[in-house]
Amino acid sequence: MGGVKDKKAMAQTSDTLYLKIDRNIQVPSAQVYLRDIAKMECANEAVLRQLKQKKIYTFQEKDADRKKKRPIVVFSVLKVIQKIHEDYPQLEVQNMGETDFVLELSADLKNGWLDMLKTVVLCVVIFFGAAFTIMSFNNDVGVGDVFTKLYTQVMGAKPKGVTEIEICYAIGMPIGIFVFYNHIGKKKITPDPTPIQVEMRKYEQDVDDAFIENASREGNDIDVD
């Protein structure tokens, strides 16, 4: 019997678990398991199968933000490794991802119509705001006067009504906007990320960094002792 235990211990010692965790993770349930937050690879399939069932954390009411009721905690990967070593103390763990990460309990989308209404209102405000900005810019720099002088110099006579220049300008502006933002509806012109996607990723990274820094300073992060 002792020989079997020794062999198991030797197997655990020789095994290596590769762990990768992203900076921000949303989980659908208050019961958080290792499979929900991490991508794992290990040559020992039995160890990998057991660790996927390992419970890492359980969200409590105190985890919710007092104002927005947003269940969110900041976790250290050392705490995750400590949880793993509770079952496999001899297992070598190689962290291939973040050292600290934000764990968020995603809420059920029960008010889908309300979110849709907010989206519609936001799109309307942005549309008219952008239109007002373009018109104000054209008026400030005197685009109409520039077109008039250009037409007069080229054609030798003052324009009467709308000319080809205004038509090309009106067509070229939306085309330029579509090309810059790199998508029309759900279809992208090129496989590159759009400027909006890039800015959103930067914003999300800044928010995660702020959560992690604040939790660390206030001592509310979940870390090893």
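Look above for the structure.
Residues numbered from 1 in each chain as written. Predicted model: local features only at pLDDT ≥ 70, side-chain atom pairs only at ≥ 80, totals over all residues. Heavy atoms only, no water.

Turning our attention to the sheet that holds strand β2 (residues 24-27). Spatially, the three strands line up as an open sheet ordered β2-β8-β6, and their pairing is mixed. Looking at which strands have only one partner, the edges of the open sheet turn out to be β2 and β6 (72-76). For this sheet the average axis-to-axis angle between neighbouring strands, irrespective of direction, equals 30°. Two elements, β2 and strand β8 (residues 100-105), share four bridges in a ladder whose sense is parallel. (Pairing = 2+ DSSP bridges. Helix = DSSP H or I, 4+ residues; strand = E, 2+ residues; numbered from the N terminus. Axes fitted to C-alpha atoms, helices over the stretch in contact; angles between N-to-C directions.)

Here we take up the packing of aromatic side chains. In this structure the tally under the stated criterion is six aromatic pairs. With a centroid separation of 5.5 Å and 85° between ring planes, the pair formed by tyrosine 57 and phenylalanine 59 is classed as edge-to-face. As far as the burial class goes, tyrosine 57 and phenylalanine 59 line up, both buried. Aromatic pair phenylalanine 75 and phenylalanine 101: ring centres 5.6 Å apart, planes at 20°, arrangement stacked. Taken together, the positions of phenylalanine 75 in strand β6 and phenylalanine 101 in strand β8 put the pair 26 residues apart, joining distant regions of the chain. (Phe/Tyr/Trp six-rings, centres within 6.5 Å; stacked < 30°, edge-to-face > 60°. Buried < 20%, exposed > 50% of the residue type's maximum accessible area, 1.4 Å probe, protein only.)

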